[in-house]
Amino acid sequence: MSAASCLLSEDQFLCSICLDVFTDPVAIPCGHTFCKTCITKHWDINVQCQCPNCKEVFDPRPQLWVNTFISEMVAQFRQSAQQEASSRSSEQHVSKPGEVPCDVCTGTKLEALKSCLVCLASYCEAHLEPHLTASRLKRHQLVDPVENLEGRMCMKHEKLLELFCKTDQTCICMLCTVLDHKTHDFVPLKEGYEEKKAELGKTEAEIQQMIQKRQLKIQEIKHSVELSDKDADREIAEGVQVFTALKESVERSQAELIDTIKEKQRETKVKAECFIKELEQEISELKKRSTEVEQLLQSEDHQHLLQSFTSLNAAPPIKDWTEVSVRPPSYEGTVRRAVNQVGDTLSKQMKKLFEAELKRVQQFAVDVTLDPNTANPYLILSDNGKQVHDSDVKKNLPDNPERFFPRVNVLAKQSFSSGRFYHEVQVKGKTDWALGVARESINRKGAITLSPQDGYWTIYLSNLNEYYAAAGPSVRLSLKSRPQKVGVFVDYEEGLVSFYDVDAAALIYSFTGCSFTEKLYPFFRPCDHNDGKNSAPLIICPVNHTE
C-alpha cells in the first residue's frame, strides 16, 4: 500500500519478520530495523542472537530501544494511509456481515479482496498493493478472502502449515516433521492438495455416475408406471367390455324370459276366455230352455203340453265339457335356457380374454434348452437340447448332485430370479407327463413329491388319462380338450405360475400367491415310455405369437 501524499514507499516501513508496517521499530547494532516484538520473539526462539537479514551474530544480546525517528515517520505514514483509505472508502465496499473484512483497516473495515496465506491476513484493495508491487511480497500465496486464517497456523509451534501428513491425514508445519511426525509420510501442501483433488475428482465422477444411474432408475420406474397405467387401462377396458356384454346378455335374456312367460300366459288367458265365452253362451241358451220347460210344466192344457214337448226335445245339442280344461303353462327349462344363453356369452367373452392374456404373456418368451447335467440317465436328449424322452437303456453318467435319480426328470439350463418368463412345450402323443418350474434347492435324489411345499409348481397328465395340478394335495382339472401344446408363464415378483392350452387359448391352471426366494428352473418329466405307449418326446417349441 502507498500513501498518495507521502514521498516514501510503504516498503520502507515494513518489518521483514512480520511483513507489516513497523510497530515500535527498533534498530539493532547492524543497522537493520524490526518491530520490537518481532525481533524479541525471534531471538527468544533461536539460540543465537542473529540478524534475520544480514545474519550478523551479537553476543551478548543487545539491548533494544525504540527508534523514535522511524516511529514518528511510521506514525505519519499510518495517518496518511488512513486518510487515503478514508477517501477511498466511498468507492470501496464496506465489509458486511458474512463478508471477510480487511485486517489492516482501522475504524471502518473494508471488504477484503485477497487473503495472504503467508502473512495470515486479509487485505482490501489499498492494503493489498504491497503484495502486488513489493518483490519479496510477490512470492506470497494470495487466495480469495477466507476467514479464520489462524487455522492455517500450527497450534503447537505457531508456524505456517506447509506440509500434509499422509499417515495422519492432517496438515503440519516444518517443525512437526522433526518432532511429532518424524517417521511419517508427508508431502508439500500443494502436492497433498493435488492428490486429494484428484481423489475428489474421482469421487465426483463416481457420484455423478451414481446420480446418472439413479436418474436412469427413475426413468425406468416412471416407464414401468406408464406401462402399468397402460396395462391397468387395458384391463379396465377389457373388463368393462366383458361385463357390458354380460350385462347386455343378462338383460336381453331376462327380457326374452319375461316375454316368453308372458306370451305363454297370454295364450292361456285367450284360450280360457274363449272357453268361458262359449260356456256363458251355452248357459244363456240353457237358462232360456229352462224357462220354457218351467212354463210348460205349469200348463194344464193337455194338448198344448203334448204339442210343445216335441219342439222342446228338438233343441240343438250342447257341447260335452267333461274333458275340456285349461291347464297352467309349463315353464320348466325356460329360466335354464335363458341362463344358458348368458353362459354362452360368458364363454365367448372368457375365450376372448384368454386369447388376449395368452398374447400378452407370449411377449415374455425366453429361449429354453435342456441341461444334460440334470437329466436322469434313462433320458435321451436331442442334440439341440429341445427334446427329451425315456428309454430302456441307462447311460453311464456321473452321479453328480445336480442329476435326478431315479425319477426321470430334467431341468433347463436357464434360471430366473426376477421378472417374467414364458415357454411352450409340445405334449402331443404322450399319455403321461409333468411340466412346470422348480426352485434350485429341490431334492433330486430318491422319492420326489411334486408340490409347492417341496419346491415344484407343476401340472401333469396321469396314465389314467386324468389331468391334475400338483398343488399338494393334487387338484383334478376338468379340461374341455386335450392340450397338444402347453404354455408355462411365471411372474416372479407377483408369485404367479400359469399354464395355458396354447391351441385352445385357454387357461389350464394358475398357482397364485407363491413366494419365490430362489432361482427358478423350467422343469420337465417325460415319464416312463410304458412299452412304447408314451414314447413321444416332450418338445420345447418356438413361440408363435397368437394373432
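The coordinates are above.
Residues numbered from 1 in each chain as written. Predicted model: local features only at pLDDT ≥ 70, side-chain atom pairs only at ≥ 80, totals over all residues. Heavy atoms only, no water.

A. Focus on the overall build of the protein chain. Scanning the protein chain from terminus to terminus reveals seven helices and 23 strands. On C-alpha atoms alone, the protein chain measures out to a radius of gyration of 56 Å, which is more than a quarter above the 24 Å that the 2.2 N^0.38 rule sets for 547 residues. Seen along its three principal axes, the alpha-carbon backbone of the protein chain occupies a region of about 195 × 90 × 35 Å. When each of the 547 residues of the protein chain is scored for burial, the buried share is 34%. Partitioning the intrachain contacts of the protein chain with sequence separation of at least 6 by distance along the chain shows that 57% fall at a separation of at least 24. (Helix = DSSP H or I, 4+ residues; strand = E, 2+ residues; numbered from the N terminus. Rg over C-alpha atoms; globule rule 2.2 N^0.38 Å. Buried < 20%, exposed > 50% of the residue type's maximum accessible area, 1.4 Å probe, protein only. Contact = heavy atoms within 4.5 Å.)

B. Here's a closer look at the sheet that holds strand S17 (residues 467–469). Pairing within the open sheet is antiparallel, and its six strands lie in the order S13-S22-S15-S16-S17-S18. The sheet is open, and its two borders are formed by strand S13 (410–411) and strand S18 (475–477), each paired with just one other strand. (Pairing = 2+ DSSP bridges.)

C. Representation of the layout of surface pockets within the structure. Roughly 1,200 Å³ of volume is contained in the largest pocket. Taken together, 25 residues form the lining of the largest pocket, with Ile 17, Cys 18, Met 153, Glu 158 and Lys 159 sitting closest to its centre. Among the elements that take part in the lining of the largest pocket, helix H1 (residues 36–45) stands out by supplying five residues, more than any other. Of the residues assigned to the lining of the largest pocket, the class counts are 14 nonpolar, six polar and five charged. (1 Å grid on protein atoms, 1.4 Å probe; cavity = no way out; pocket = protein on both sides within 12 Å on 5 of 7 lines; lining within 4 Å. Points joined across faces, edges and corners; volume = space filled by probe spheres on them. Nonpolar A, V, L, I, M, F, W, Y, C, P; charged D, E, K, R; others polar.)

D. Here's a closer look at the environment of Asp 432. By secondary structure assignment, the location of Asp 432 is in the loop between strand S14 (420–426) and strand S15 (433–439). The class for Asp 432 is buried, based on a relative accessible area of 18%. Dropping the residues within four chain positions of it, Asp 432 is found in contact with Leu 461, Ser 462, Asn 463, Pro 526, Cys 527 and Asn 534.

E. Region of interest: the pattern of salt bridges. Summed over all chains, the structure comprises 17 salt bridges. With its nearest N and O atoms 2.5 Å apart, the salt bridge here joins Asp 367 to Lys 386. Taken as a pair, Asp 367 in the loop between helix H7 (334–361) and strand S11 (379–381) and Lys 386 in the loop between S11 and strand S12 (387–390) lie far apart in primary sequence, 19 residues in all. On the accessibility criterion, Asp 367 (55% relative accessible area) is exposed. The class for Lys 386 is buried, based on a relative accessible area of 17%. With a closest N to O distance of 3.2 Å, Asp 491 and Arg 420 form a salt bridge. Placement of Asp 491 in strand S19 (residues 485–491) and of Arg 420 in strand S14 is noted, with a sequence separation of 71 residues between them. According to the relative accessible area criterion, Arg 420 is partly exposed, its value standing at 42%. Because the salt bridges share partners, they merge into one network encompassing Asp 231, Arg 234, Glu 235, Glu 238 and Arg 360. (Salt bridge = Lys/Arg side-chain N within 4 Å of Asp/Glu carboxyl O.)

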